[in-house]
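Coordinate analysis (summary)
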Amino acid sequence: MNGAASFALVDEADGRVLRLQGPYLLSTVGAVDAHLHDLKGDVAAVDLSQVTAIDTVGAWVAHTLSLRLNGPITGADDRAARLIDAVSAAPMDGVTPSRHLPVWQRVPQRMGELVVEFFAGLLGVLGFLGQIILAAGAIIRHPRRFRGKALVRQMEQVGVSALPIVGLMSFLIGIVIAQQGAVQLAQFGAETLTVNLVGRITLRELGVLMTAIMVAGRSGSAFAAQLGTMKLTEEIDAMRTIGISPIEALVIPRILAAVLVMPLLGFYACVVAIVGGAVIADLSLGIPFQSFLLRIRDVVPTYDLWVGLIKAPVFGLIIALSGCYQGMQVKGNSEEVGMRTTTAVVAAIFMVIVLDAFFAVFFTNVGWG
Amino acid sequence: MQEEDTVAENATAEYPIVVEGLVNRFGDQTVHDGLDLTVRRGEILGVVGGSGTGKSVLMRSIIGLQAPAGGDIRVFGRSITDRAPDEVLGVRDRWGVLFQGGALFSTLTVGENVEVPLKQFYGDIDDKLRHEIARYKVMMSGLPEEAVAKFPAELSGGMKKRAGLARALALDPELLFLDEPTAGLDPIGAAAFDRLIAELQETLGLTVFLITHDLDTLHEICDRVAVLADKRVIAVDTVPNLMRLDHPWINEYFNGPRGRAALTAQALDELRRHMDKPVAANAVKVLDNAPQRGA
């Protein structure tokens, strides 16, 4: 097993003979292969009698040399002959493993794919929405098919178990807004307006928006991963064969849960954020906790609450729709579950922010400025 | 001292895998309790046992994926048990493993899958030769050439197993681990896979550790069979010898309806194989001549 592979060209009676020497193994061939490639011209024979050890790689090298240099293989022992026989079924030139195209082909191809995928995705989402509406219609006509337990379970997952993290996040956001707002407003001697700032911005925008982002990260991803995995393990196909519509059993409860829970979570987030603002105002601005809360009642118009609460279920719908749609699109391998989950979350957050901008303009124009 | 080393070396050469007193526990559940097993060089060892007797756990322990609670495992004379899973590199390029589902890397083509171990251990081999090696390995495993550039998701179950086998053979290993290679294949595909394993074993001089449920595989290609029951290996022997043993599980296994069917099939096969051999041909000749002699 020791030593390195080498070779020699020897002139013999019947012409030039290529004599391979030493071990021709996977571990030794790498060093000698390049030199063997440089050999030109025909030989009378490729002689293996001085090869001390050989495996299939060595056999392949000998085989290709023999074909390329037009010399038959001689001096092969039993094992070498058997191995050469085994590898010689493969052609010398053929399909290469890599399927990667060169950059100038890959970039336009990928762009084309993206455009096609975009429109296909648009169609897909529309189709999915249609399926959901049909399934919802079926449930309304046959209320017994409605899965109450699944809905409650999903509401627990999306809502109740999100309370601690949403609460903590909102509390900190309230603190940050109050603290940073106070620093800026102090320049005009208007620290008291911190109350307006915290109250209005959390109720109108940040409370619901941040909750939506958190829910997209927690539950939108979970929807996509759960449904995607069920798709891979053929659970969804199994449901279909039993006569259960996966849309009715899996998608509707999730969407309904998100739509119902989002306003509650959003409202809870607003309340906690205001409390956070009040705490920091009490500690560092000298506005007593109770008067902060009382001021909120005076300076925040009720429609600010409605603005937040109207947006919340829409955001919930988008998050759940995105998660379920991507989950149901999984096919093939486990890698796709991860990819679809990421897409679900990114698309949901993006759509939520875009819609939030529309809502902001809309509500201002209808006089709820 | 030196003498001892050579003795150990010889023993190693003779027995690539030695398992002594293996103990595996998951929580309160003991899977193996003092399991002993030696695998001889150049044999195909079948491992059988009911579901949950820890066949796969045994294999995972031997290849170092599962740290055992006790006992010693030596592969090529090196202890696997006292190392971290990513450490024992001196041994890893001498074995190949075929997992149950193929375990191909799904983002790579079949050819690239075969190239992964080559790149990992022998970076000095140039791209062209590596592509060629991948191609002939894929074809040796009984796949068409086009399969080289296909992704695992585009292959059928049987083809995935063959592709997995090609990757397991990438480094010209001395030792091959197969976890239920014929599970999920149709009988024709399974028989073909059995033949492939037997052929490769003979051509490449492999030692094969084969977990299986397939009685046909046991009868056709296994030199010896290890039976796992009662948390240890209760017997290692050839199939005919095992069938003579008086153990309820072994009896049930080999003499049950499926066991007998596999045996009949094998006997018929054996007969057919001998039909075109000289002995059989002579016998036929003798029979042909007999009446003339009588006359």
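Another aspect to go through is the overall build of chain A. A tally of helices and strands in chain A yields 12 helices and four strands. Residue burial in chain A is summarised as follows: out of 369 residues, 41% are buried. Of the contacts formed within chain A by residues at least 6 apart in sequence, a portion of 79% connects residues at least 24 apart. As presented, chain A carries roughly 18800 Å² of accessible surface, and 66% of it is formed by carbon and sulfur atoms.

Taken residue by residue, the interface counts 32 residues in chain A and 35 residues in chain B. Scanning the region where chain A abuts chain B turns up zero salt bridges. The interface formed by chain A and chain B contains six residue pairs in polar contact (both at pLDDT 80 or more). With seven residues, the top contributor of residues to the side of chain A that touches chain B is helix H1 (residues 26-38) of chain A.

Right, let's get into the sheet that holds strand S6 (residues 95-98) of chain B. All names here are of chain B. Pairing in this open sheet of six strands is mixed, and the strands run S6-S7-S8-S3-S9-S10 from one edge to the other. Looking at the sheet topology across the chains shown, the edges are occupied by S6 and strand S10 (232-237). Pairs of neighbouring strands in the sheet enclose a mean axial angle of 15°, with direction left out of account. Pairing between strand S9 (residues 224-229) and S10: five bridges, direction antiparallel. Paired with Leu228 across the two strands is Val233, which belongs to S10.

When two helices pack together, their arrangement is given by the angle between the helix axes and by the axis-to-axis distance. Residues and elements named next belong to chain A. Packing of helix H7 (residues 194-232) against helix H12 (residues 334-365) leaves a shortest axis separation of 8 Å and a crossing angle of 155°. Judged on the interaxial angle alone, H12 and H7 are roughly antiparallel. The way H7 lies across H12 gives a crossing that is right-handed. Of the residues that constitute the contact of H7 with H12, the class distribution is 16 nonpolar, seven polar and four charged.

This brings us to the sheet that holds strand S2 (residues 15-24) of chain A. All names here are of chain A. Strand order across the open sheet formed by four strands is S1-S2-S3-S4, with mixed pairing between neighbours. For this open sheet the edge positions go to strand S1 (6-12) and strand S4 (73-74), each flanked by a neighbour on one side alone. Bridging between S1 and S2 involves seven bridges; their strand directions are antiparallel. Within the sheet, the bridge partner assigned to Asp11 lies in S2 and is Arg16. The strands that H1 touches are S1 and S2; relative to S2, the one it contacts most, it runs at about 160°.

About the thresholds
- Residues numbered from 1 in each chain as written.
- Chains lettered and ligands numbered in written order.
- Predicted model: local features only at pLDDT ≥ 70, side-chain atom pairs only at ≥ 80, totals over all residues.
- Heavy atoms only, no water.
- Helix = DSSP H or I, 4+ residues; strand = E, 2+ residues; numbered from the N terminus.
- Buried < 20%, exposed > 50% of the residue type's maximum accessible area, 1.4 Å probe, protein only.
- Contact = heavy atoms within 4.5 Å.
- Areas by Shrake-Rupley, 256 points an atom, 1.4 Å probe, with all protein chains shown as cover.
- Salt bridge = Lys/Arg side-chain N within 4 Å of Asp/Glu carboxyl O.
- Polar contact = N/O pair within 3.5 Å; in protein donor to acceptor, adjacent residues only side chain to side chain.
- Pairing = 2+ DSSP bridges.
- Axes fitted to C-alpha atoms, helices over the stretch in contact; angles between N-to-C directions.
- Parallel < 35°, antiparallel > 145°, perpendicular 65-115°, else oblique.
- Left-handed = near helix turned anticlockwise from the far one by under 90°.
- Nonpolar A, V, L, I, M, F, W, Y, C, P; charged D, E, K, R; others polar.

Functional significance is not addressed by these values, which are geometric in nature.
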